Structure formats: structure tokens, C-alpha cells
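Analysis of the macromolecular model
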Amino acid sequence: MEIPESVKKIIRTLESSGCSAYAVGGCVRDKMMGIEPHDWDLCTSALPEQVLSALGSHNVIESGLKHGTVTVKVDGQLYEITTFRTDGEYLDNRRPESVTFVTSVEDDLSRRDFTINAMAYNPKDGLIDLFGGMDDISSKTIRCVGDAEKRFEEDALRILRALRFSSRLGFEIEPGTLEAAKKKAYLLKNISAERIASELLMILDGEYAPRVLIDQTEILSVILPEIKAMIGFLQYNPHHIYDVWQHTVKVVEYSPHGKVYRLAALMHDIGKPDCFTRDEKGIGHFHGHPELSAEMAVKIMKRLKLDNNTISEVREIILYHDRRPPADKKGVRKFISGVGKDRYLSILRLKRADAKAQNPAMLEDKLHYIDELERICEELTENGEEFSLRTLKINGKDLISIGISEGRQIGTVLHYLLDLVVEGTVENDHEVLMQEAKKYAATHN
Ligand code: ATP
Ligand code: MG
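A brief report on the enclosed structure follows. What you see is a predicted model; the values in this text were computed from it and never measured. (Residues numbered from 1 in each chain as written. Chains lettered and ligands numbered in written order. Predicted model: local features only at pLDDT ≥ 70, side-chain atom pairs only at ≥ 80, totals over all residues. Heavy atoms only, no water.)

Attention shifts here to the overall build of the chain. Helix and strand content of the chain: 21 helices and 13 strands. Its C-alpha radius of gyration of 28 Å places the chain more than 25% over the 22 Å reference for a compact globule of 445 residues. Taken over the C-alpha atoms alone, the chain extends approximately 85 × 60 × 40 Å along its principal axes. Of the contacts formed within the chain by residues at least 6 apart in sequence, a portion of 65% connects residues at least 24 apart. In the structure as shown, the chain presents an accessible area of about 21000 Å², 48% of it carried by carbon and sulfur atoms. The centroid of the 59 positive side-chain charges in the chain is displaced by 2 Å from the centroid of its 71 negative side-chain charges. (Helix = DSSP H or I, 4+ residues; strand = E, 2+ residues; numbered from the N terminus. Rg over C-alpha atoms; globule rule 2.2 N^0.38 Å. Contact = heavy atoms within 4.5 Å. Areas by Shrake-Rupley, 256 points an atom, 1.4 Å probe, with all protein chains shown as cover. Lys, Arg positive; Asp, Glu negative; His and termini not counted. Charge placed at Lys NZ, Arg CZ, Asp CG, Glu CD.)

A few words now on the packing of aromatic side chains. For the structure on display, the rule yields nine aromatic pairs. Between the aromatic rings of Phe 114 and Phe 165, the centroid separation amounts to 6.2 Å while the plane-to-plane angle is 75 degrees, which identifies the pairing as edge-to-face. Taken together, the positions of Phe 114 in the loop between α4 (105-110) and β8 (119-122) and Phe 165 in helix α7 (residues 157-169) put the pair 51 residues apart, joining distant regions of the chain. The residues Phe 114 and Phe 165 share a single accessibility class, namely buried. Among the aromatic residues, ring-to-ring pairing joins Phe 233, Tyr 236, Phe 276 and Phe 286 into one connected group. (Phe/Tyr/Trp six-rings, centres within 6.5 Å; stacked < 30°, edge-to-face > 60°. Buried < 20%, exposed > 50% of the residue type's maximum accessible area, 1.4 Å probe, protein only.)

Further remarks concern unusual backbone geometry. Of note, the phi angle at Lys 140 is positive, near 55 degrees, even though the residue is not glycine. Note that Lys 140 resides in the loop between α5 (133-138) and β10 (141-142). Relative accessible area serves as the criterion here: at 45%, Lys 140 is assigned to the partly exposed category. Positioned with a positive phi, Lys 305 is a non-glycine residue whose angle comes to about 55 degrees. With respect to the helices and strands, Lys 305 occurs in the loop between α14 (289-303) and α15 (308-319).

The next subject is the site of ligand 1. Around ligand 1 there are 14 residues in total, and Arg 29, Arg 158, Arg 161, Arg 164 and Arg 168 lie nearest to it. The backbone of Asn 117 places a nitrogen or oxygen atom 2.9 Å from an oxygen atom of ligand 1. Between a nitrogen atom of ligand 1 and a side-chain N or O atom of Arg 158, the distance comes to 2.7 Å. The fraction of the free accessible surface of ligand 1 (580 Å²) that becomes covered by protein chains is 80%. In this structure the site holding ligand 1 corresponds to the largest pocket. Sorting the residues of the shell around ligand 1 by element identifies α2 (26-32) and α7 as the ones contributing at least two each. (Near = heavy atom within 4 Å. Polar contact = N/O pair within 3.5 Å; in protein donor to acceptor, adjacent residues only side chain to side chain. 1 Å grid on protein atoms, 1.4 Å probe; cavity = no way out; pocket = protein on both sides within 12 Å on 5 of 7 lines; lining within 4 Å. Sits in = over half its atoms within 2 Å of the grid points.)

By secondary structure assignment, the location of Thr 83 is in strand β5 (residues 77-83). A distance of 2.8 Å separates a polar side-chain atom of Thr 83 from the backbone oxygen of Ala 46. In contact with Thr 83, other than residues within four places in its own chain, are Thr 44, Ser 45, Ala 46, Leu 47, Pro 48, Gly 68, Phe 101 and Asp 108.

Below, the discussion takes up the nonpolar core. Core analysis: the largest hydrophobic core is formed by 101 residues, its most contacted members being Ile 10, Leu 160, Ile 219, Met 267 and Tyr 344. With seven residues, α7 is the single largest residue contributor to this core. For Leu 160, the contacting residues outside a window of four places in its chain are Leu 188, Ile 196, Glu 199, Ile 203, Ile 219 and Ile 223. Among the nonpolar cores identified, the runner-up in size contains 19 residues, and Ile 404, Ile 410, Leu 414 and Met 434 belong to it. (Core = buried A, V, L, I, M, F, W, Y, C linked by side-chain atoms within 4.5 Å.)

Attention now moves to the sheet that holds strand β4 (residues 69-74). Taken together, the seven strands give an open sheet; going across it, the order is β3-β4-β5-β2-β1-β8-β9, and neighbouring strands pair in mixed fashion. Across the chains shown, the open sheet's two edge strands, defined by having one partner strand only, are β3 (59-64) and β9 (126-129). Here the average twist between neighbouring strands, direction ignored, is 30 degrees. Pairing geometry for β4 and β5, over six bridges, is antiparallel. Considered in β5, the bridge of Lys 73 is made with Leu 78. (Pairing = 2+ DSSP bridges. Axes fitted to C-alpha atoms, helices over the stretch in contact; angles between N-to-C directions.)

What follows covers the environment of Val 51. Note that Val 51 resides in helix α3 (residues 48-54). Those residues in contact with Val 51 that sit more than four places away from it in its chain are Leu 14, Thr 44, Ala 46, Val 70 and Ile 81.

Here strand β1 (residues 21-24) shows two buried faces, one formed by Ala 21 and Ala 23 and the other by Tyr 22 and Val 24. The sheet contact formed by β1 and strand β2 (residues 41-44) spans four bridges and is antiparallel. Across the sheet, residue Ala 23 finds its bridge partner in β2, namely Leu 42. The sheet contact formed by β1 and β8 spans two bridges and is antiparallel. The residue of β8 that forms the bridge with Val 24 is Ala 120.

Spelled out as C-alpha cells, the structure:
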């Protein structure tokens, strides 16, 4: 196994002070799968103080010293070096009451979550694989180290970690491990929102997310009970050939990577079941579903303690995902003036994914329409005709100078003028807009 020079250097340094050290966990797994690791973690028999003194010449950050972790900077790269440890008793399904430093790598490997994550390597001893990690890589299997139920009871977050690795690597969860995961999934209630959110985002972003979303609804609905109503919910509508959940999963599949798109895709139709009606011909409709979905999504994202920027971007994409402006300059100008150009383009990307997840018979027309919306936006940008309050040739100060001084009214008048420009009724010209503002003021006293 080829490992970076700086990792070798750290291992050699620790060894020369009489300790053992290995690359461990995700980097070994990735390397054995032929994937370039995004970082290299090490484990060692050296106690944190020994690591500090052995690596004294290097740049050391005493980050998680309590838990035995020292971060060093070698050749500009950060490496986490963790002392071999076993975990004490788990009382809260989250973290051990204490950790005990130990001297054997075997003990350290046995506390790790899955066999594929519980391998260590160094040039001297080669690969240390005590739990069949290599076999599980070959058969693409995620399997707990030791008794699965016990491992999930200790730390319920591991249940979502199993889904994360399944989504990223395309591995199946071994039946016994999966059964235990389902049985213990209720313990996720004890896990903090932040840790759940971070796993969920990784699950959504994985290459194999669609399969996990379809196969693991039982576990996912523990953290997102709102999805239950979507599963198997038939749409009775010619635009659709899938139920709401199958459709949703396909939108996730077709949407770009990144948390905003993936969250928006996951929740864009989450309000549909509650908006369902059927007309006299038996056709299903979901009036008001973008509004309800946006509202539900905000609630869920707040519950998951996601940041406000993410919440507001996702909300807006969901809210406007079903808006269909006329594919002409006026229609597009209006849309952009409301949400801004960046958000408009994000909305189109979700629309594209949404269209691909609907009835293929109508796909070509829908994509053509979205292409047009995109092309017109480009044209507006090139011609400087993409209007927003920012590009309007009049501002609040101008209005104050003609006696419109109350804050709220300034806003109203600016939006009124923006609408006139967007509609093409008046030109975006300072003098013209001043005249219009005066007219408005005169008629609204
Ligand atoms: P990634 O490529 O996503 O970083 P990773 O395997 O490195 O994957 P991390 O979350 O960075 O995952 O954890 C590093 C290693 O620490 C894991 O490979 C595993 O051996 C161990 N580990 C992490 N979290 C847990 C946990 N909750 N329970 C048991 N072992 C864990
Ligand atoms: Mg890692």
C-alpha cells in the first residue's frame, strides 16, 4: 500500500521513540478500494504527551487532547494522531463516559464502527485486518464490528453512519447489521440535531443516495417522520408516473450535488399529500403544495439546526419550484426581479431535475421550456436588462429628496417603480423614474 511521505515520516518518528503507529480508518478503507483518501488519520500507542514530545519539531495543535487526539501539521497537511483507546461505558447512546488509553492496536480497532473502517496499516506490519474488512470491501458489505445491537446502543449515530457509507460507496448493509439498525433506530432520538443533520447531508450527497432513500425509509423516517406520507402516495396525474416518494428520490438523483440542492430536492413535494384533491375526471391535483412544502421544510431544517442561509435558500427554491413564467423577456424579468438572478438559476436547476423525474413522454417539451428560461436570462444579463432594486436607476435618497420620507413608503414606491421597469412600461432612466415617483406621490397622499 502506498502512503504519503509525510505519513511515513510521522510513523517513523513515533516508532523511533519506541511506540507503534498506523494509518487507520477511512484512509485505509479508501486506499484498499483504490480511492484517493481525502485525509489520513493515524493511531498510535504513544500517549498524547509522548506524541507532542516526539513530534516536537512539527507544528502541533493540541486539539482533542482529552480524547487522545493530537493534530499535527506536516508538509502543510494536517494529520490527526489518536492514542489507541477503548471506550468506557455508554450511558446515553452517544458517547462513552470515559476513554481508556491502551497499548494494542487490536483493542483500538475493536472499538471502531464497521469492519471496513477497522483496518490499520503501517509499512512494518502491513495491513492489520482483524474483522474481515477486506472481505467486506470485496463483497461491498457494511457490517458492524462485534455485536451490532450493542454497537448501535452504545452510539446510535452509527446507524446513520451505516447509511452514509452505503450511500457513498454503494455497499449493502449486512442483514444482521441492518436488522439491528432498524431495531435500535428509535435511539436516534437521543442524538443531537447537529450530528443527525451532518450525517443526513452526507447521505443525500452520496453517489448511491437514491438506493439508500428507497431501501432505508424505515430508518430515515425516524429522523424525518414527514416522509412517511409521501411513500406510496399515488398522484393520479398524467404528468407523473411515480408515487410522490419515488418521484422525490429521482429528483434527488437528478439534482446537482451540494446541500442546498439535495435538501430542496428531498423536500420540494413534502407537502403534497396534504394538498391532494381529485377533480371530476379523477385527475389528481396538489394546489398550494409549494407553499406548504416550503413551510414544512423550514420547520424540519430548524429542527435539524441548519444555518439560516441554507434554510432561506432551500425555502425559496421549494417555494418557486413549480412557478412557470411565460418564456419571454417580460416573464423572466419579473421572476428575476423577485428572487435575484442566482436564486433564479438555482430554481431552474431544481426544475430540470423535477422534470426528469416526471412522465418521460412530456420531458422534451419541459426541458425545452427550461432551456428557454435559461437562455432568456443570459440574454437579459448581456443586454443589461436584468432588473432588481440594486440595478434600478433610482434609490431611497432620491425619493426622500422629493418628500417621500417614510421608510415603509420608500420601499413600496421602489417596488412599484421596479415593477414598471420590469413590465417595460417605463425605461430604467433616472429622470423618467423621478417623474414617475412624483406622479405616484401626488396620487397617493
Ligand atoms: P470519511 O471518508 O467520511 O472521513 P471516515 O471513515 O474517515 O470516513 P470519520 O467519521 O472521519 O469517517 O471517522 C474516522 C474513523 O473513526 C472511522 O473510519 C472509524 O474507524 C472511526 N469512527 C468514527 N466515528 C465512529 C463512531 N461513531 N463509532 C465507532 N467508530 C467511529
Ligand atoms: Mg475521516
